[in-house]
Amino acid sequence: MVGSIERVGGNLYSNGSIQHGNGLEEKLDEFRRLLGKADGDPLRIVGVGAGAWGSVFAALLQDNYGPYREKVQIRIWRRPGRAVDRATAEHLFEVINSREDVLRRLIRRCAYLKYVEARLGDRTLYADEILKDGFCLNMIDTPLCPLKVVTNLQEAVWDADIVVNGLPSTETREVFEEISNYWKERITVPIIISLAKGIEAALDPVPHIITPTQMIKRAIGIPMENILYLGGPNIASEIYNKEYANARICGAEKWRKPLAKFLRQPHFTVWDNSDLITHEVMGGLKNVYAIGAGMVAALTNESATSKSVYFAHCTSEMIFITHLLAEEPEKLAGPLLADTYVTLLKGRNAWYGQMLAKGELNLDMGDSISGKGMIQGVSAVEAFYELLSQSSLNVLHPEENKPVAPVELCPILKTLYKILITREQSSQAILQALRDENLNDPRERIEIAQTHAFYKPLLLGQH
């Protein structure tokens, strides 16, 4: 195991925090039995992608199960060669020196000097190098426990029992296609837990969406029952700092119930749910509307009234879109609603919208932002707009009584597309869309959706 673990009075200390070992080993043993693991053959868990949530997820598992090194191995893959710039190195040095527990740990591991040298500009640090010490490049202010980091993808995944997809949806297909090359000789079928939020739009042979779990299935060809999605109202740094959170793991019953139990922690409750599609699509949609939420917040000086008006309209569009995709979608309530709320309130996509509206960022900077990672909502805006603007998906407009593309009933999505993709409007347009006197009551859009008259099975490639 990587990192120092000390046992004091029956408690496990990892990265300065107290862990109670009661029941953990029994949970681990139970899950190992389900997988048919023999004594001496450790359960191998691999995180693929080291963004904020992917890194925190691996660190939570390491903190929980890392002490049982004979029974479980936890590692994380990220690409090598990403240099840490001087400003980030200086900030990282400040973070280290503000945390006595982290400072002591680095000194004990003989790892402190390189951060001094990087602070002085005498050395270049790399993202994979600092991740080994518990620093995620997208989340410098929240030190994690030390992690076992692997930069060779084949070495990382070839014998993995569980692979956690922490990649952006825009990178998922490419990486899992590479992984498929390393699994051709496998006998056992691995379990995939996808954390990715976002979709791709495909227009041939018919317009349809491709979610990250579908990308993974197409790339590696394993049964869908072994591919699950985990999401919830989660801000990665707050979860690692032991703020209470919950999530749902969605997919086939075979693995979702055992995994929910295995992943559950005192401060991180994991429930299971069968509706994979709605949760995964909502995971992509919330990032779309979070960018607009950030714009509204910045443009109205955090007006609670304006933000609540925006929330009402964007959630009605989300409900409408999910009813196009599923005949009986999970209601936008409970964890699904909470996930939307927290993303609109504090996620990186909301931050991006704020920075655009304030003029502190511009679209020419792209959607991969230093210190934040990939802004998934930008590509999702384009994908959802292109998909829902297809005439082959026309629905009957409730007032005009004529066929229109579904996007015509989603004015906020249309406005975000014009701001972010075609750039024909400024951020101010999001307020103009909310203030349009012809804008329907959000309740009407929800009622239309709930008639089920708009359900389009082809959107998910279902015939």
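The written sequence of each chain sets the order in which its residues are numbered from 1. Two thresholds apply to this predicted model, a pLDDT of at least 70 for residue-level local features and 80 or more for giving and counting side-chain atom pairs, whereas whole-chain, interface and lining totals are computed over all residues. In computing side-chain properties, one takes all heavy atoms of the structure into account and sets aside hydrogens as well as water.

### Quick word on the overall build of the chain
What counts is decided by this rule: In DSSP terms, a helix is any run of H or I states spanning at least four residues, a strand is any run of E spanning at least two, and both are numbered starting from the N terminus. Every radius of gyration here is taken over C-alpha atoms, with the globule rule written as 2.2 Å times N^0.38, N being the number of residues. Throughout, exposure labels follow a simple rule: accessible area from a 1.4 Å probe, protein chains only, divided by the maximum for the residue type, with under 20% read as buried, over 50% as exposed, and the rest as partly exposed. In this description, contact between two residues means that some pair of their heavy atoms is separated by no more than 4.5 Å. Computed with a 1.4 Å probe, the accessible areas rest on the Shrake-Rupley method; for each residue, only the protein chains presented here act as cover.
A count of helical and extended segments in the chain gives 19 helices and 17 strands. Whereas a compact globule of 463 residues would reach a radius of gyration of roughly 23 Å, the chain reaches 23 Å, a difference of no more than 12%. Oriented by its inertia axes, the alpha-carbon framework of the chain measures out at about 70 × 50 × 40 Å. Looking at the chain residue by residue over its 463 residues, the buried ones come to 57%. Restricting the contact set of the chain to residue pairs at least 6 apart, pairs at least 24 apart contribute 71%. About 19700 Å² of surface is accessible on the chain, with carbon and sulfur atoms providing 47% of the total.

### Here we look at the state of the cysteines
Applied cut-off: For the purposes of this analysis, a disulfide is any pair of cysteine sulfur atoms at a distance within 2.5 Å.
The tally for this structure, following the rule as stated, stands at 0 disulfides. Cysteine Cys314 is unpaired, with the sulfur of Cys410 as its nearest cysteine sulfur at 11 Å. Accessibility expressed as a relative area gives 0% for Cys314, which makes it buried. On the basis of relative accessible area, Cys410 is assigned to the buried category, the value being 0%.

### Digging into the nonpolar core
Put simply, the rule is: Only buried residues count toward a nonpolar core. Its members are Ala, Val, Leu, Ile, Met, Phe, Trp, Tyr and Cys residues joined through side-chain atoms within 4.5 Å.
Core analysis: the largest hydrophobic core is formed by 58 residues, its most contacted members being Tyr289, Tyr310, Ile321 and Leu413. Of all the elements in the fold, those that place two or more residues in this core are helix H12 (276-299), helix H13 (304-325), helix H14 (334-346), helix H15 (348-358), helix H16 (376-388), helix H17 (411-420) and helix H18 (429-434). In terms of residue count, H12 provides more of this core than any other element does, 11 residues in total. Setting aside residues up to four positions removed in sequence, Leu413 forms contacts with Val288, Tyr289, Glu317, Ile321, Val381, Phe384, Tyr385, Leu388 and Val407.

### Section: the pattern of salt bridges
The following threshold applies: A carboxyl oxygen of Asp or Glu within 4 Å of a side-chain nitrogen of Lys or Arg is what we treat as a salt bridge.
If you walk through the whole model with that rule in mind, you get 26 salt bridges. A salt bridge links Glu171 to Arg79; the shortest N-O distance between them is 3.0 Å. Taken together, the positions of Glu171 in helix H8 (residues 169-182) and Arg79 in the loop between strand E5 (72-77) and helix H3 (86-98) put the pair 92 residues apart, joining distant regions of the chain. Overall, Arg79 belongs to the partly exposed group, its relative accessible area being 36%. Here Arg109 and Asp133 are joined by a salt bridge, their closest N and O atoms 3.5 Å apart. Of this pair, Arg109 sits in the loop between helix H4 (100-108) and helix H5 (113-119) while Asp133 sits in the loop between helix H6 (127-132) and strand E6 (148-150), and the two are 24 residues apart along the sequence. It is possible to trace a salt-bridge network through shared partners that takes in Lys37, Asp41, Arg44, Arg75, Asp159 and Asp161.

### Quick look at the layout of surface pockets
Inclusion rule: Put simply, the grid is 1 Å and covers the protein atoms alone, a cavity is a trapped set of points that fit a 1.4 Å probe, a pocket is an open set with protein on both sides within 12 Å along at least five of seven lines, and lining residues have an atom within 4 Å of a point. Grid points are joined across faces, edges and corners, and a volume is the space filled by probe spheres set on the points. Asp, Glu, Lys and Arg are counted as charged, while Ala, Val, Leu, Ile, Met, Phe, Trp, Tyr, Cys and Pro are counted as nonpolar; the rest, among them Gly, fall into the polar class.
The calculated volume of the second largest pocket comes to roughly 400 Å³. Contributions of two or more residues to the lining of the second largest pocket are made by H17 and helix H19 (442-449). Its residues assigned to classes, the lining of the second largest pocket shows 6 nonpolar, 4 polar and 7 charged.

### Observations regarding the environment of Ile216
With respect to the helices and strands, the residue Ile216 is situated in helix H9 (residues 212-220). On the basis of relative accessibility, which here comes to 0%, the residue Ile216 falls in the buried class. Through-space distance from the C-alpha of Ile216 to that of Glu177 is 8.0 Å; in sequence the pair is 39 residues apart. What Ile216 contacts, discounting residues up to four positions off in sequence, is Asn165, Thr172, Phe176, Ile192, Ser194, Gly221 and Ile227.

### Description of the packing of H8 against H9
Two packed helices can be described by the angle between their axes and the distance between those axes. The cut-off we apply is this: A fitted line through C-alpha atoms represents every axis, and for helices the fit uses only the stretch in contact; the resulting angles, taken between N-to-C directions, go from 0 to 180 degrees. If an angle is under 35 degrees, it is roughly parallel; if it is over 145, roughly antiparallel; if it lies from 65 to 115, roughly perpendicular; otherwise it is oblique. By convention, the crossing between two helices is left-handed when the near helix turns anticlockwise from the far helix through less than a right angle, and right-handed when the turn is clockwise.
Two elements in contact, H8 and H9, have axes whose closest approach is 8 Å; the angle formed by their N-to-C orientations is 20°. What the angle tells us is that H8 and H9 run roughly parallel. Crossing of H8 against H9: the hand is right-handed. Facing Ser169, Thr172, Arg173, Phe176, Glu177 and Ser180 of H8, the residues of H9 in contact are Pro212, Met215, Ile216, Ala219 and Ile220. In terms of residue class, the contact of H8 with H9 is built from 6 nonpolar, 3 polar and 2 charged.

### Structural notes on the packing of H16 against H17
Contact geometry for H16 and H17: axes closest at 10 Å, N-to-C directions at 125°. In this view, H16 runs oblique relative to H17, as classed from their interaxial angle. Seen from above, H16 lies across H17 with left-handed handedness. Seen from H16, the contacting residues are Val381, Glu382, Phe384, Tyr385 and Leu388; seen from H17, they are Leu413, Lys414, Leu416, Tyr417 and Leu420.

### Considering the sheet that holds E5
Our working rule: A strand pair is defined by DSSP finding two or more bridges across the two strands.
The sheet built from 8 strands is open, its strands ordered E6-E5-E4-E7-E8-E11-E12-E13 with mixed pairing. In this open sheet, the two edge strands, each paired with only one partner strand, are E6 and strand E13 (268-273). Pairs of neighbouring strands in the sheet enclose a mean axial angle of 25°, with direction left out of account. Pairing analysis gives 4 bridges linking strand E4 (residues 43-48) to strand E7 (residues 162-165), with the strands arranged parallel. The residue bridging Val48 from the neighbouring strand is Asn165, located in E7. Most of the contacts of helix H1 (residues 24-35) go to E4, to which it runs at about 95°, and overall it touches E4, E5, E7 and strand E8 (191-194).

### Digging into H4
Stated precisely, the cut-off is as follows: Here the arc refers to the set of directions running from the helix axis out to each C-beta atom.
Of the residues making up H4, those classed as buried are Val102, Leu103, Arg105 and Leu106. Projection of H4 onto a plane perpendicular to its axis shows the buried side chains occupying an angular sector of 165°, all on one side. Relative to its buried face, H4 has exposed residues pointing more than 90 degrees away, namely Glu100 and Arg104. The elements touched by buried residues of H4 are H3 and H5.

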